[in-house]
Amino acid sequence: MKQLWYKKYRPKTLDGFVFVDDHIKSKIEEWVEHKEFPHLLLAGPPGTGKTTLAYILVNECDFEDVDVKYIAASVSKGIDTIRDEIITFVERSSFGEMGRVVILDEVDETTPAFMTALRNLIGEMYDSCRFILTANYPHKIISPLKSRLHTITFNTLDKDSFVARVYEILTKERVQCDADTLLEYVERYYPDMRRTINALEHNTVQGVLKAESKEATEDDPDWMKEAIVYFEQGMIKEARNKIVSNITDNLYDDFYKMLYKNLHWFSKSEDGQDAALLTIRKAYVDDTVVANREIVLSSCLVQLSKISKKMG
Ligand SMILES: Nc1ncnc2c1ncn2[C@@H]1O[C@H](COP(=O)(O)OP(=O)(O)OP(=O)(O)O)[C@@H](O)[C@H]1O
Ligand SMILES: [Mg+2]
């Protein structure tokens, strides 16, 4: 299967990564040089490189793969995750010289109880394990946890480097483009690099970058808005038909995130919402490993519709 550009061009080293500014760049370079960094909170809007930087640090600081634990905190937000996944991982002995790292992605989606348990754990763990947390909304994170973390905020990215990076991607893909057209994309989507790259890929036709049509710049396409209305009215089968026949590769990620955030579409009871969450979580994980994403999405929606009927 063809890899989407934004995945293909996710930098694995500091080379190619666009920093917020020179000050932060120097700080991160220093961490990489000394292979040492504090517990981190990488905070800011979508598509600005938070998860990418977490992996770059792990890679550049030579952690062994087995010493790195990635947890999508928005999915595994139950307090048992702390005990079953994090403590178990942190307590076993490390394979490499560098110790261990836990990446907790999207930690702002967890509960205060989860954050309190995490705070206690992080407080005890400086010698053997580093934590890298990411969040879109850092104000949702409880202060005692934040005070144990060094925060880097990604509200902006260095604009010249941003333009240079997307231009580099277009050059590698041998796309012809004129500067004004490229800058229009940057003005529209900056600082979201993922969205910029997606829009460039989407609008490159036979090796030439076209200007984006007005219709395509709307936040959600019409079919998505219609599907949301169906979901809200409990018409999950209708929503499924709308989505499966329209969805494109670059929208799957956002779509699963939207489902997580709207568990009430599938059930009003806590048990029903838990069941929906587990279904979505499984599909989200499967989505990254299967060749046919549509089948996974489709079966996820069938399952959600059953939950809604049974536990609605
Ligand atoms: N600062 C950056 N430098 C270089 N590439 C970037 C940067 N930010 C984003 N990208 C590109 O965008 C893609 C998405 O970035 P990433 O997943 O790190 O964003 P994020 O900040 O974690 O977003 P989200 O909040 O949605 O999780 C990367 O694969 C990469 O191609
Ligand atoms: Mg991320």
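Here the structure is shown first, and the text comes after it.
### So, the nonpolar core
Reasoning step 1: Within the largest apolar cluster, 43 residues are counted, with the highest numbers of intra-cluster contacts made by Ile28 and Leu57.
Reasoning step 2: Elements with a contribution of two residues or more to this core: α1 (5-8), α2 (22-34), β1 (40-43), α3 (50-60), β3 (100-105), α7 (159-172), α8 (179-189) and α9 (193-202).
Reasoning step 3: Ranked by the residues each element gives to this core, the list is headed by α3, at 5 residues.
Reasoning step 4: A domain-level breakdown of this core finds at least three residues from each of domain 1 (17-153) and domain 2 (159-217).
Reasoning step 5: Setting aside anything within four residues of it in sequence, one finds isoleucine 28 in contact with Leu14, Phe19, Leu53, Leu57 and Ile152.
Reasoning step 6: Counting 33 residues, the second largest nonpolar core, distinct from the first, contains Met224, Tyr256, Met258 and Leu277.

### Description of the sheet that holds β1
Strands belonging to one sheet form pairs held by backbone hydrogen bonds; the direction of such a pair is parallel or antiparallel.
Reasoning step 1: With parallel pairing, 5 strands are arranged side by side in an open sheet as β2-β3-β4-β1-β5. A single partner strand is all that each edge strand has here, and the edge strands are β2 (68-72) and β5 (150-153). If you compare each strand with its neighbour and ignore which way they point, the axes differ by 15° on average.
Reasoning step 2: Taken together, the 4 bridges between β1 and β5 define a ladder with parallel strand orientation. From the neighbouring strand, alanine 43 faces β5, where its bridge partner is threonine 153.
Reasoning step 3: Against the sheet, helix α4 (residues 79-91) touches β2, β3 and β4 (129-135), its axis set at about 155° to β3.

### A few points about the site of ligand 1
Reasoning step 1: The immediate surroundings of ligand 1 are formed by 21 residues, with Tyr6, Arg10, Lys50, Thr51 and Thr52 found nearest.
Reasoning step 2: Take tyrosine 6: an N or O atom from its main chain is 2.7 Å from an oxygen atom of ligand 1.
Reasoning step 3: For ligand 1, an oxygen atom lies 3.2 Å from a polar atom in the backbone of threonine 48.
Reasoning step 4: At the level of secondary structure, the elements contributing two or more residues to the shell around ligand 1 comprise α3 and α9.
Reasoning step 5: Of the residues that constitute the shell around ligand 1, the class distribution is 9 nonpolar, 7 polar and 5 charged.
Reasoning step 6: In this structure, the shell around ligand 1 is formed jointly by two domains, domain 1 (17-153) and domain 2 (159-217), each of which donates at least three residues.

Parameters at a glance
Residues numbered from 1 in each chain as written. Chains lettered and ligands numbered in written order. Predicted model: local features only at pLDDT ≥ 70, side-chain atom pairs only at ≥ 80, totals over all residues. Heavy atoms only, no water. Core = buried A, V, L, I, M, F, W, Y, C linked by side-chain atoms within 4.5 Å. Buried < 20%, exposed > 50% of the residue type's maximum accessible area, 1.4 Å probe, protein only. Helix = DSSP H or I, 4+ residues; strand = E, 2+ residues; numbered from the N terminus. Domains from an automatic or database assignment. Contact = heavy atoms within 4.5 Å. Pairing = 2+ DSSP bridges. Axes fitted to C-alpha atoms, helices over the stretch in contact; angles between N-to-C directions. Near = heavy atom within 4 Å. Polar contact = N/O pair within 3.5 Å; in protein donor to acceptor, adjacent residues only side chain to side chain. Nonpolar A, V, L, I, M, F, W, Y, C, P; charged D, E, K, R; others polar.

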